[in-house]
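Residue-level structural notes
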Amino acid sequence: MVIAVKKLLFQLDTDSRPASFDTVLAYDGGADHVIGHGGVSADNVGPLVEGVIFTRPPKDKKNTAIFIGGSDLPAGQTLLEAVKQVFFADFRVSVMLDSNGSNTTAAAGVAKIALCTGLKGKTAVVLAGTGPVGQRAAALLAREGAEVTLTSRVFARAERACEAMKERFGVELKPLEAFDNEARGKAIENAQIVFATGAAGVPLLEERHWRNLATLEVLADANATPPLGIEGVKMMDRGERRHGKICWGAIGFGTLKLALHRACIARLFDRNDQILDAEEIYAIAREMA
Ligand SMILES: NC(=O)c1ccc[n+]([C@@H]2O[C@H](COP(=O)([O-])OP(=O)(O)OC[C@H]3O[C@@H](n4cnc5c(N)ncnc54)[C@H](OP(=O)(O)O)[C@@H]3O)[C@@H](O)[C@H]2O)c1
C-alpha cells in the first residue's frame, strides 16, 4: 500500500497561542496538516526542530516545513536564527518568517508602490514605522534605493528601529520624531512616497497635509481599521488617483498580501532548503504584483 506523504506545516508562534490568521492561511496555502505551537522561543525550539529534520527521508523532507509567527518581530528573528542553528547538511526544512504579518504586508505594500513609481533615489517617509510592518517596509524601500525616513512619536524608538534594520539589512534609515499629525504633515513635505504603518485605528495624517504637496507621487496606508491612517485615502484604493497622487489602501494592497502569504506557504513545500524572510518574500511579491 502506498501512503501519500502529507504536507505538514509546523506553525511556531512566539506568542502564547498560535495566531488563527496564520493557521487559516497555512491551510489555504496548501498544507495538509498544520501543527500549532505557542510560546516558542530559542530556548525551547530545539526538540521541535529535531523532530522535523530527522523523521523523513531526503526525498520527502520537502513535505515538512516551518512557519514562524507572533506579534514580536525581534523574537521571531531570534527564533528563526535558533531554528537555523539546529539544521546541518541536508537535515533541514524550509522556513518562513512573518511575525505579525510584517514581511508579507510590507512586501505587498512596497511591491505595489514600486509598480507605480521607481524607488531608486526617491524620498520616502514611513509614518509610525516602529512596528513590525513599518520596520520591514522601510528596509525594503531602502534596499530598493529610496532615501527613507522612519517616524515615531518618540525619537529613541525611531532610532532603535533604524538601528535594528541597519543591523539586519545593512540599510541606512533616517529616524525622525513626529509626535502628532502636524509634525507628521511636516515630515512628508518633500516626500515622493508616504507609507503609513501605524497601529490599527490610529489616524496619522489629515487630507490637508498631503493634498497640495507637489512632490508627492504615491501614498499607501496599511491600517484597515477605521479611522484609517491617512485621511482621504480609502481602504479599498488600488492605485486610485486622488489630488493627483496614486493611493493604495490597506484592503487595496491587502489582496496581494493574502495571496502572497498563501503563495509563500505553497513554495515552502517545493524544496527543503528555503528561508523565506523579507528579501525572498519581497521577490515573490514583485513577481506577483
Ligand atoms: N493591510 C494588511 O494586509 C495588513 C496586514 C497586517 C497588518 N496591517 C496593519 O498594518 C499596520 C501596522 O502593523 P504593525 O503590527 O506594524 O503595527 P503596530 O506595531 O501595532 O503599530 C505601529 C506603530 O504605530 C504607532 N502608534 C501606536 N499608537 C499610536 C498612536 N495613538 N498615535 C500615533 N502612533 C501610534 C507606534 O509607534 P510609536 O510608538 O513609535 O510612535 C507603533 O510602533 C496596522 O494598522 C495593522 O493593522 C495591515
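Before any of the text, the structure's been laid out above.
Predicted, not measured: the structure shown is a model, and the values here were computed from it. (Residues numbered from 1 in each chain as written. Predicted model: local features only at pLDDT ≥ 70, side-chain atom pairs only at ≥ 80, totals over all residues. Heavy atoms only, no water.)

The next subject is the sheet that holds strand β2 (residues 33-37). Think of a sheet as strands paired side by side through backbone hydrogen bonds, with each pair either parallel or antiparallel. Sheet architecture is open: 5 strands sit in the order β2-β1-β3-β4-β12, paired in parallel fashion. The open sheet has two edge strands with one neighbour each: β2 and β12 (275-276). Pairing of strand β3 (residues 64-69) with strand β4 (residues 94-97), which is carried by 4 bridges, proceeds in the parallel orientation. Residue pairing across strands places Ile68 opposite Leu97, the latter belonging to β4. Against the sheet, helix α1 (residues 20-28) engages β1 (8-13), β2 and β3, with an angle of about 160 degrees to β2. (Pairing = 2+ DSSP bridges. Helix = DSSP H or I, 4+ residues; strand = E, 2+ residues; numbered from the N terminus. Contact = heavy atoms within 4.5 Å. Axes fitted to C-alpha atoms, helices over the stretch in contact; angles between N-to-C directions.)

Another point: the environment of Ala199. You can see Ala199 is positioned in the loop between β8 (193-196) and α8 (207-210). Residue classification places Ala199 among the exposed positions, given a relative accessible area of 51%. A sequence separation of 26 residues divides Ala199 from Thr225, and the C-alpha atoms of the two residues are 9.0 Å apart. (Buried < 20%, exposed > 50% of the residue type's maximum accessible area, 1.4 Å probe, protein only.)

For helix α5 (residues 132-143), spanning 12 residues, the distance from its first C-alpha to its last is 17 Å, which sits close to the expected 16 Å at 1.5 Å a residue. For α5, the set of buried residues is Pro132, Val133, Gly134, Gln135, Arg136, Ala137, Ala138, Ala139, Leu140, Leu141 and Ala142. Once α5 finishes, Gly145 follows within two positions and takes phi at roughly 100 degrees, a positive value. (Expected span 1.5 Å × (residues − 1).)

Pro226 connects to Pro227 through a cis peptide bond whose omega is -5 degrees. The residue Pro227 is located in the loop between β9 (218-221) and β10 (238-242) in this model. For Asn100, which is not glycine, the phi dihedral falls at a positive 55 degrees. Within the fold, Asn100 resides in the loop between β4 and α4 (102-116). Judged by relative accessible area, Asn100 falls into the partly exposed class, the value being 46%. Located in the positive-phi region is His243, a residue other than glycine, with phi close to 50 degrees. On the secondary structure map, His243 appears in the loop between β10 and β11 (245-248).

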